[in-house]
Structure formats: C-alpha cells, structure tokens
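If you want the building blocks of each chain, they are given just below.
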Amino acid sequence: MKNAIGVDIPKKIDGLGEVVSFKGEWALVDKAKTSNVQKEPQSLRVKPKGFKKMCKDIKDCLDKLEIKDGMTISFHHHMRGGDGTIVPIIEALANRGIKNLTLASSSLTGAHEPLVSYVEDGTITRIFTSGCRGKLGQAVSAGKLKYPAVFHSHGGRARAIQEGRIKVDVSFISASAADDAGNATGSHGKSACGSLGYAMIDAEYAKQVVVITDNVVEYPCQPASIQQCNVDYVVPIDSIGDPKKIAGDSTRITKNPMDLRIAELAAEAIIKANYIKEGYSFQCGAGGASLAVARFIREYMEQKEIRGSFLLGGITSVMTDMLESDLFKYAFDVQSFDSAVSQSICNNPKHVEISANQYANPMNCDCMTHKLDVVVLAALEVDINFNVNVLVGADGNIRGASGGHCDTAAGANLTVIVAPSIRGRLPIIKKQITTVVTPGSSVDLLVTERGICINPARKDLKKALKDSGLPIVDIKDVATEVERLCGKQNEPEFEDDIVAVVEYRDGSIIDVIRKVKS
Amino acid sequence: MSAKLTRTMLYIPGNNPAMVQNGGAYGADAILLDLEDAVAVNRKIDARVLVRNIMNFVNFGDVEVTVRINGLDTEFAIDDLKEIVPQKPDAIRIPKINSADDVKKIDQIITEIEKEHGIKVGSTKIHAMIETAIGVENAFEIATSSKRISALTIGGQDLTADMKVVKTEAGEEISYARRRIVMAAKAAGLAAIDTVYADVDNEAGLIRETEMIKGLGYDGKAVINPRQIKPIHNVYMPTDDAIEKARVIIEAFVKAKKEGVGVFAINGKMVDAPVVARAQRVLELAGIEIGGQ
Amino acid sequence: MKLKITAQAGSLESCDLLVIVNPVEEGAGRNVEMESMVISEYGDSILKDINGILDQFDVKDVELVVNDRGALTPTIKARIEAALLRSSKGKG
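Residues numbered from 1 in each chain as written. Chains lettered and ligands numbered in written order. Predicted model: local features only at pLDDT ≥ 70, side-chain atom pairs only at ≥ 80, totals over all residues.

**Observations regarding the overall build of chain A**
Each helix and strand in chain A was counted, giving 15 helices and 26 strands. Against the compact-globule benchmark of 24 Å for 518 residues, chain A has a radius of gyration of 22 Å, which places it among compact chains. By its C-alpha atoms, chain A is 70 × 55 × 45 Å across when sized along the principal axes. Of all 518 residues assigned to chain A, the portion counted as buried reaches 59%. Residue pairs in contact within chain A that sit at least 24 positions apart in sequence constitute 74% of those at least 6 positions apart. (Helix = DSSP H or I, 4+ residues; strand = E, 2+ residues; numbered from the N terminus. Rg over C-alpha atoms; globule rule 2.2 N^0.38 Å. Buried ≥ 20, exposed ≤ 12 C-beta atoms within 10 Å, placed from the backbone. Contact = placed C-beta atoms within 7 Å.)

Okay, structure coming up:
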C-alpha cells in the first residue's frame, strides 16, 4: 500500500501492530480537527506537606519508584553529546535485572553508544527517539533491537505522549539546578544546558517524575521549567554531563568557503523572494551552511533597518546576539545549543523557554512552527521530488535525527534546504534517496553550490526569482550531473525485516527502515 | 552577454583535487588552475596530470577557466602545454613574459599542439603575465605580439622582487607598472587583471585597492581566498542609479532595433554606439539580462 | 611501462587519494591493497579505475597501496598515473 510519497507501507508491522500510512502533510490534522479525541489521562500523585522527595542516590531512588519489566522510561537530550544521565540509569536498572524496557528519549547522541550492550541483552527492547548515531544507530540498523524503533519529530513526540502512543511510566529529567521539591531548570548551574523544552511534556504526563541534578539549590529554584507539582523525587548526582559537549562545533559560523557560498546564495534567494521584512520570523539550523545564512540575513537586516518578530527553535549564540542587538523582538527556545545561550535565558526576558508541544505539536490548538515565515534546514540527501533524508546514511545505517525538520518544513511559509550537491564522493542530490523524513511538498527551495532549485509547485517563487540574477537550476539536472561526477554508487543492500519506522509529525508512517545486510 | 566578466579570478592550487573540482562553485567569474607557484617542484607532474583529468571531466559552467603553466625557463612548460592545450581552457596564463619574442615562441608551440589535436588554430588564448621590469617596459609590444593574447595581468610579488624593492600596502612602487600595463591593454583592446591582495583578513584594504584599480581601468582582480570574491564584486557593482539609467538606454535600444531604426534619442539627446556599449556593460556587471539586444 | 622504484602520489586530504607504487618481479601480477572512505559505495568502481590506468600504461606487475578519501575518477586516475610516471622515471 503506497503512501503519499510513493513508499510501500504495510498495514501491519511486526512488533508495532497496525500503522497509518502518510497521506499528506495535513491529511490527519484536517481529519482530527473535527474529532473529539481525549488526551491521555495524567496520573494524579499526592505528596503530603513535608514529604521528603530527596533521594540519597540513583539506587535509593529506584528503590522508592515502582520499577518493573516492560515499563517505558523517558529522558530528554538537552545535554546532547555531553549527556551523563541516560547511561547510568539504564545501567542501574539493568543491574536490578529489569528487562524489556521501552526507552523514550527525545533523542540519542554519540554519548549513548554504551546502550548498545543493553539493546543486545534485552534490557531495552523498544526505542522511541528522534535520532540515533554511531554504534547505536548501527545496532538498530542491524536489527539488534527486539521491536522496530520509532523515529519521531520533536512535535511528533509531544503528540505521541499527549495521545498516549508513548505512555511514560517514569520520566527522568536531568537539570542543572533543582530544589528539594523538584522545581528545576537548565538555565543556570555548572552543567547549564539552557531550555528544558523537550522534558516539559514528560513532566505533565509521566506516571512518575524524577528530577536528577548535580546542583541542589536553596528553595525555590527559579525559573521553574519543571514544576514541583509534577515531581515525585529528586536525585543528586555528581555530574549530569559535560556542557562543553552540548554543541561540539555547531555554533560557530563556518569558515568553509563552500558552505559560505551556499549560505550566501540562500540568503540572496530569501531576500529577493521578499521574505525578509519588518515583523518576519526566522529559524535556522545549528551549524554549517544553515547557520551561516543567519549571518548574511543579519547584514541585510542591519543595512535595511528591518526588525523581525521572533526567532525560533534551536537557539545558538548567533541568535542571542541578534536578539541582544534588537534585530528581533523575541527568541523562543526549545533547545539551547551552547551553554552561553543559557545565560540569555536567565538575563533576557525576551528569550523565552517553550515546550516541544508549544513549539511543534501539530495536534493541538496550533503550534509555533506554524507561525514561521522562513526556515533554513540542512539535509543528508534530497531527491528530485524535494523529499529530504536526515536520518539514514548512504551505507544504510541510521546516523542522524528527524528533529524539528518536518515540523518546521511543514509550518514555515518558506522552507529552504541548504546542502552541497556532493559530500566527499557521496551525492546528496539524487534521483532516489535511502529514507524520507520530510516530504517534498514541504520544501520550497533547495540551494546547493550549483544554484537554486525551486519546487515546481511554487510558481510565485519562480516568478520572483526569475530576473534576480541568481543561478536557477533544475533539480533533475543537478542530480544527473552529480551522478555523472561521482559515478554510479553501490546502493546499500537491505533484508526484508523492518527495523525502524519513520513517523511523520502526525503519527502516520512516512517511511520504513529495513535491516542492513551484513 | 558579450565579453565575459572577469571581476574576480580565483587562484586554485593545481595539486589540490577538492579545490580544483569545486573551482566553479565559489562564485568567481574566472578561475586560474595553477601549475606554477602553488605547486612544489617535485609535484609538478602530479598537478599537471590532475588538472588535465579534472578539466576533461568536470563542467565548470559559465566560469572562465584559465591554467597557469610553468615559465618557459623551466623544464615543465612544454609538457604543461602539451597536456593542457588539448583540454581547451579559455586561456593559458604564461608567467614572466618579458617580450614579444617570448610570446611568439609559445604561440608556435601552441599552434603545433592545436594542429596535432585537430583544434582550430588560434583558438587557444593567452593571458600574458607581466612580472618583471623589462616586461613592464615592453607591455604594448607584448600586448600586440599575437592574436592569441586576450588579457594582460600583473604579478605584483615577482615584480617587486625583480625591482628589488619592498611591496607595500599603498603600492606606490608598482603604481607606474599598473598604469603602464592597463594602458597597453586598453590600447590593444585587451582585458586587464590586477595582482593579488595577499592580506586575506583585511577586507577594508582589499576594497580600497580594488576601488583604486577599478578606477584605473582594470577589469578585475586576482583572488587567493573565496572570501575576497564578494567584496570585489560589490566594488564592481554599479549604483542603483547607474543601473536604472542603463536599463532605460538598453530598453530604448531594443525597441529601436525592433522598429528597424538605427539611431535613437532619449530625452532629446542622441544615443550613439559607445553609450549603448557602456550601458550594456553596466547591466552585465549588475547581472541583468535584457532580451533582444 | 617499466617500474623502477617505489613512488608515491596524492595525499590524505578530502577528495584525494594516496597511492604508493612498489615495483615487483615480472609475473607477480597486480596486487592492490585498498582502503577507502567510500568502500561500500564505490569500492568496485575504484578498482576498475585503477585497473584501467594500469592497462593504459601496460603495467602487468605491480604492488599498489591505496588510501582513498573520496576521490573522483579523474583524480584516482591522475594520482595512479603520476605515481607510475615517477616510478618509471627512477626519480623520487
């Protein structure tokens, strides 16, 4: 049964049950707006006055919680590559002989490679996540996880928790500062990670909520991104992780001449298409050409004295600088990309922390990505129908993340993908790509060093950019030329088993990932 | 569009595959694939073979592709020509041209290679690089020594070395050479390309120097780092006012042409051929195409 | 082509390929040891390019050690050619 982008999605998938296949960006949302579905009930726990939530350590906390086989545990990934919480907790649970856990982390990074052994030994049998990298990604691709993993977007995760698709038994929320009642934040402390946007929905819906911190502060901890009224226990540990590893190199503007050239072309296209104007809103990625676009757009805004309305998304210091310079009125932050950004949350009332629900959930009373004017995103691969892959590598292994890609691409009025046409010897623009995360109908422009490709559905952009002096190229020509230059590559070989599904933000399945042939 | 724009000519080390294959990607009007100064002596063969292969395989689009071979005084020049000419570069940059004789020697070698490969004789152009005192003094003679010469370029570094003076930011020491070379180029109807600005971190200095050489009549400038490209293009960008005026002239020109009228007027003033040509140039620099010209 | 000495060409930079050519006894055949960043995607293609150049220069016996960093076909061929030329010239 082919879905709306032509991928065969079985009605039923072993280990997942019946699934709905992707029918279009807004198909399920349109259907849902007239239905009267209830949200997943929130569990009521009552702690009397004086109840001591503070545990001695993780072991003590696990003793107090209701822990059993087959439960769903959740985490956030705000510490990104520097996370130091997920692995110790899984380890502690494994040491108690707990099995068949469903791991629901907002995403997983290189810091989570040690989880491979817990996947292999059956401690973890299900994973809900936005992404997976390195050896963990390879393990999932090799079929080591008992049940198919589900890759969701940031907005999709909020939806999944709210509708009960993911029923969290225990949510472990690491925070760089917390008080003994469980009010917690990531905006200050030695391990400051900024926004705790991904964790907020877990705090509301999980059956039990644990705050883990390396910095217990005097009551009351403010700001309270996580509130005491939702927290069962607080656990002090030595370190929740390494804040220096949150960003890696991602928040410096690249010096790579190719990326700069692509960014420059993209910025000029966005400007010439008349999207940079007073009161507009903007989001871009955290590195490479995507972040560099912000620099060129900033120059233009300063030149023309344009003030935007808001910045959204993953917030980097490039953006907080723009906020400080009053180029935008607000910055709405669901994920802070370097610890310098955390300071801005504390000091600048215009820098606002938001939940993943407010950010990008399509199944609520409207989310912020739907208010975006312009978004600039990266890609691992793009096909000639403008479908984008940000999850699976050319060798068939899972190595990226869905993130906010399909959320912002669907919501923004102008979606621009920036990427070189080739990376090393690997084509990025191809006739057919390995896996689709964002459908081509959400993508308006693709900018590579070869020029600007306009989605044929956007006749208005074709008109606006026609006499711009910018190089406009046909995406099919780019794919053909790239294939000629690189030569025909051996496509990865897969077995029939489905090891993971790519869930679109509305819960439908847009693509499946099969087991890599060893 | 008429004559190709050469506002920027990006120098690319010939032995670096990533940079050579992406040469057309940086937005420069022209590229110089360098087999000479950017390549170590014991890697000359590697660079020559690499540039030859990549030129044969990669499509550089609208970018003007030039190759700088090694000087005639080296053991490499002839083999460079033998391998590169058949790849039909837009021009071969010959370093250290001192006289018309130097050009004539090369002219002959290129002619033989063209004949051998069934290439139209004379189609391979030469950019003469003048980087010695004697070369400067012989500038016009060099400019008119062969129909192949399509541009004169100045090599500031080697020139100041030859003159045994220090190269300075203000450039007084090469001021005469700059003026002499651009004049010879204009007199012979050739393009003129200025020397590199080495301080890649000094954008303000680059802009100052580009404004100066543009004022002298240079069509463009050598570039050693892609981030120098945009500032130079900005200097060459006509003002909005100039673009508007040019647009009016060309639209009237196109209209007159359609009506079969040879001569036309704007606001009561006659518009003759040199004015139209200047207006066309302005629109080219602005990247605006008007059909029907 | 007669190979005289061990010779090297290329580099480990992105989009390049490092090749070491070692002359071997006549009749020993072609022995290619290859590492590549894109071995699964282009391994066969790279070998094909290498053998193509060896055919072109009529090299029947040689030991090649190749470390590829995503070089395109023209670069692969250029690097092998340069190493072969260097090896046959007898100069380093």
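**Structural notes on the overall build of chain C**
A count of helices and strands for chain C gives two helices and four strands. Ordered by position in the sequence, the α and β elements of chain C form the string β-β-β-α-β-α. The C-alpha atoms of chain C give 12 Å as radius of gyration, which agrees with the globular expectation for 92 residues (12 Å, within 12%). Based on the C-alpha atoms only, the size of chain C along its principal axes is roughly 35 × 25 × 20 Å. When burial is assessed residue by residue, chain C has 42% of its 92 residues classed as buried.

**Focus: the interface of chain B and chain C**
With eleven residues of chain B at the contact, the number on the chain C side is 16 residues. Of all the secondary structure elements, the ones that give two or more residues to the side of chain B that touches chain C are α1 (17–21) and α2 (44–57) of chain B. With eight residues, α2 of chain B is the largest single contributor of residues to the side of chain B that touches chain C. Across the side of chain B that touches chain C, the residue classes tally to seven nonpolar, three polar and one charged. (Nonpolar A, V, L, I, M, F, W, Y, C, P; charged D, E, K, R; others polar.)

**A look at the sheet that holds strand β18 (residues 388–389) of chain A**
All names here are of chain A. The strand order across the open sheet built from three strands is β18-β17-β22, with neighbouring strands paired in mixed fashion. This sheet does not close on itself; its edge strands, each paired only once, are β18 and β22 (429–430). As judged from the two bridges shared by strand β17 (residues 381–383) and β22, these two strands associate in the parallel manner. Paired with aspartate 383 across the strands is lysine 430, a residue of β22. (Pairing = 2+ DSSP bridges.)

**Some thoughts on the interface of chain A and chain B**
The interface of chain A with chain B comprises nine residues on the first partner and eleven residues on the second. Secondary structure elements with two or more residues in the side of chain A that touches chain B: α8 (257–272) and α15 (475–486) of chain A. The dominant element in the side of chain A that touches chain B, judged by the number of residues it contributes, is α8 of chain A, at five residues. In terms of residue class, the side of chain A that touches chain B is made up of four nonpolar, one polar and four charged.

**Quick word on the pairing of strand β26 (residues 509–516) of chain A**
All names here are of chain A. Burial within β26 is extensive, with six of its eight residues counted as buried. Summarising the sheet, strand β25 (residues 494–503) and β26 pair through six bridges and their orientation is antiparallel. Each bridged residue has a counterpart across the sheet, and for isoleucine 498 the counterpart in β26 is arginine 514. Count of turn residues in the β25/β26 antiparallel hairpin: five residues, of which glycine 507 carries a positive phi of about 100°.

**Looking at helix α4 (residues 100–116) of chain B**
Residues and elements named next belong to chain B. Taking 1.5 Å per residue as the helical rise, α4 with its 17 residues ought to reach 24 Å, and the 24 Å between its terminal C-alpha atoms agrees with that figure. Within the span of α4, buried status applies to Asp102, Val103, Ile106 and Ile110. For α4, the arc enclosing every buried residue in end-on projection is 85°, short of the 170-degree limit, so these residues lie on one face. Seen from the buried face of α4, the exposed residues on the opposite side, beyond 90 degrees, are Lys104, Gln108, Lys115 and Glu116. In the core, the buried residues of α4 are packed alongside α3 (77–84), β4 (91–94), β5 (126–130), α6 (139–143) and β6 (149–154). Of the residues one or two after α4, glycine 118 is the one with positive phi, at around 65°. (Expected span 1.5 Å × (residues − 1). Arc of directions from axis to C-beta.)

**Here's the deal with unusual backbone geometry**
Residue proline 220 of chain A follows tyrosine 219 of chain A across a cis peptide bond; omega there is 0°. Take proline 220 of chain A: it is sitting in the loop between β10 (208–213) and β11 (233–236). Across the junction of glutamine 222 of chain A and proline 223 of chain A, the peptide omega takes the value -10°, indicating a cis bond. Mapped onto the elements of the fold, proline 223 of chain A is located in the loop between β10 and β11. Of note, the phi angle at asparagine 100 of chain A is positive, near 55°, even though the residue is not glycine. Summarising the element assignment, asparagine 100 of chain A is placed in the loop between α3 (86–95) and β4 (101–105). You can call asparagine 100 of chain A partly exposed: it has 15 C-beta atoms within 10 Å. Non-glycine residue aspartate 58 of chain C carries a positive phi angle of around 55°. With respect to the secondary-structure elements, aspartate 58 of chain C resides in the loop between α1 (39–56) and β4 (62–68).

**Considerations on the environment of glycine 122 of chain A**
Residue and element names in this part refer to chain A. Relative to the assigned elements, glycine 122 resides in the loop between α4 (116–120) and β5 (124–129). Residue glycine 122 is classed as partly exposed on the basis of its 13 C-beta neighbours within 10 Å. Considered as a pair, glycine 122 and asparagine 347 are 225 residues apart in the sequence and their alpha carbons are 45 Å apart. When sequence neighbours within four positions are dropped, the list of residues in contact with glycine 122 reads Lys99, Asn100 and Lys146.

**Here's the deal with the sheet that holds β5 of chain A**
Residue and element names in this part refer to chain A. Within the open sheet, the nine strands sit side by side as β11-β10-β7-β3-β4-β5-β6-β25-β26. Their pairing is mixed. Edge positions in the sheet fall to β11 and β26, since each of these pairs with one other strand and no more. Sheet twist, expressed as the mean angle between neighbouring strand axes with direction ignored, is 25°. On the sheet, helix α5 (residues 134–141) packs against β6 (149–151), β25 and β26 and is oriented at approximately 120° with respect to β25. (Axes fitted to C-alpha atoms, helices over the stretch in contact; angles between N-to-C directions.)

**Section: the nonpolar core**
Counting 255 residues, the largest nonpolar core has Ile173, Ala266, Val293 and Val418 of chain A together with Leu152 and Ile181 of chain B as its most contacted members. Among the elements that make up this core, the one with the highest residue count is α8 of chain A (nine residues). Counting seven residues, the second-largest nonpolar core is a separate cluster that includes Ile249, Ile250, Phe253 and Val282 of chain B. (Core = buried A, V, L, I, M, F, W, Y, C linked by C-beta atoms within 7 Å.)

**Thoughts on the packing of α1 of chain C against helix α2 (residues 73–89) of chain C**
Residues and elements named next belong to chain C. Running from N to C, α1 and α2 point in directions that differ by 40°, and their axes come no closer than 9 Å. When the axis of α1 is compared with that of α2, the two are oblique. For α1 against α2, the interelement crossing comes out right-handed. Here α1 contributes Ile46, Asp49, Ile50 and Ile53 to the contact with α2, which in turn contributes Thr73, Ile76, Lys77, Ile80 and Glu81. Among the residues making up the contact of α1 with α2, the classes are represented as five nonpolar, one polar and three charged. (Parallel < 35°, antiparallel > 145°, perpendicular 65-115°, else oblique. Left-handed = near helix turned anticlockwise from the far one by under 90°.)

**A word on the packing of α2 of chain B against α3 of chain B**
Two quantities define a packed helix pair, namely the angle between the helix axes and the distance between the axes. Residues and elements named next belong to chain B. Axis separation between α2 and α3 bottoms out at 9 Å; the angle between their running directions is 15°. What the angle tells us is that α2 and α3 run roughly parallel. Considering the relative orientation of α2 and α3, their crossing is right-handed. Residue-level inspection shows Arg48, Val51 and Arg52 of α2 in contact with α3, the latter providing Asp79, Asp80, Glu83 and Ile84. Here the contact of α2 with α3 is composed, by residue class, of two nonpolar, no polar and five charged.

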